[in-house]
Amino acid sequence: MMTKTTLLGLTGGIGSGKSSVAQMLQELGATVIDADAISRQISAAGGLAIPALQAAFGPAVIAADGSLDRPAMRQLMVQNSLVKSQLEAIIHPLVGREIAAQQHRAVQLGSKLVVLDIPLLVESPRWRPQLDLILVVDCAPETQVQRVLARPSSQGWTAEQVSQVINAQAGRAQRLAAADIVICNEGIDLPALRLLVVQIALQFGL
């Protein structure tokens, strides 16, 4: 008898702690499928998306090492509002195909919980019908800004730039409205966050 696999969508704004929650769920036995990691993989040197990206946008968006030149791509999106939808039309189907393949493997291996870590889960209508439940990691926008600025990778960023990224994502109310489960990652440390994650994991037999 095959184990029933639950498909859990995981999302949260930048700086919410979503990545920490994903890592904790993985440590507890869940299979985590990271949409961002897949997107980076297919746009790396030799990645599946590179020929189509070069054909659509020209050699200027391909870096010297053969990967997608992300700053050049961002500049192109600023200059032309149609570029974003063109880029998504290339990237999203490839990401979706790899997510489906990883999900199929996890189900075949009897994984009890498959977590789809998708930053734009709420923004895109395609995901909800495929998922059993949605888990949202939530905190105040001010907390998001503080956490992002504290990251070593965010050196040189300003609070205003972080706020712009936050405002470009789904609003807090929109995410909470889509949630079946909410982790409030506000005013707690990592051990306390892990306790909340453990409680959720137990619900799925982990």
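Residues numbered from 1 in each chain as written. Predicted model: local features only at pLDDT ≥ 70, side-chain atom pairs only at ≥ 80, totals over all residues. Heavy atoms only, no water.

**Topic: the nonpolar core**
Counting 32 residues, the largest nonpolar core has Leu53, Phe57, Ile99 and Leu116 as the members making the most contacts within it. Within the residue set of this core, elements represented by two or more residues are α2 (35-42), α3 (50-57), α5 (83-108), β3 (113-117) and β4 (133-138). No other element matches α5, which puts eight residues into this core. Not counting the four nearest positions on each side in its chain, Phe57 is found in contact with Met73, Leu76, Val83, Gln86, Leu87 and Ile90. In this structure, Ala22, Met24, Val197 and Ile200 belong to the second largest nonpolar core, which totals 19 residues. (Core = buried A, V, L, I, M, F, W, Y, C linked by side-chain atoms within 4.5 Å. Buried < 20%, exposed > 50% of the residue type's maximum accessible area, 1.4 Å probe, protein only. Helix = DSSP H or I, 4+ residues; strand = E, 2+ residues; numbered from the N terminus. Contact = heavy atoms within 4.5 Å.)

**What about empty space enclosed by the protein?**
Counted under the stated rule, the structure contains one cavity of 30 Å³ or more. Empty space within the largest cavity amounts to approximately 30 Å³. Taken together, Gly13, Ser16, Val137, Asp138, Cys139, Gln144 and Arg175 make up the lining of the largest cavity. Looking at the lining of the largest cavity residue by residue, the class counts come to two nonpolar, three polar and two charged. (1 Å grid on protein atoms, 1.4 Å probe; cavity = no way out; pocket = protein on both sides within 12 Å on 5 of 7 lines; lining within 4 Å. Points joined across faces, edges and corners; volume = space filled by probe spheres on them. Nonpolar A, V, L, I, M, F, W, Y, C, P; charged D, E, K, R; others polar.)

**A word on the pattern of salt bridges**
By the definition in use, this model includes seven salt bridges. A salt bridge links Arg194 to Glu27; the nearest nitrogen and oxygen atoms lie 2.9 Å apart. Placement of the pair is Arg194 in helix α9 (residues 190-203) and Glu27 in helix α1 (residues 18-27), with a sequence separation of 167 residues. Ionic pairing is found between Arg128 and Asp180, a salt bridge with its closest N-O pair at 3.2 Å. Taken together, the residues Arg128 in the loop between β3 and β4 and Asp180 in the loop between α8 (172-178) and β5 (181-184) connect sequence positions 52 residues apart. Under the relative-accessibility criterion, Arg128 is labelled partly exposed at 34%. Take Asp180: its relative accessible area is 41%, and that puts it in the partly exposed class. (Salt bridge = Lys/Arg side-chain N within 4 Å of Asp/Glu carboxyl O.)

**A short note on the sheet that holds β5**
What links the strands of a sheet is backbone hydrogen bonding, and the strands pair in either a parallel or an antiparallel sense. In spatial order, the strands read β2-β3-β1-β4-β5; together these five strands make up an open sheet with parallel pairing. Of all the strands in the sheet, the pair left with one neighbour each is β2 (31-34) and β5. Across the sheet, the axes of successive neighbouring strands diverge by a mean angle of 20 degrees, strand direction being ignored. In terms of strand pairing, strand β1 (residues 6-11) meets β4 through four bridges, oriented parallel. Across the sheet, the residue bridging to Gly9 is Ile134, located in β4. With respect to the sheet, α2 is in contact with β2 and β3, its orientation differing from that of β2 by roughly 50 degrees. Sheet strands touched by α5: β1, β2 and β3. Its angle to β2, the strand with the most contacts, is close to 175 degrees. (Pairing = 2+ DSSP bridges. Axes fitted to C-alpha atoms, helices over the stretch in contact; angles between N-to-C directions.)

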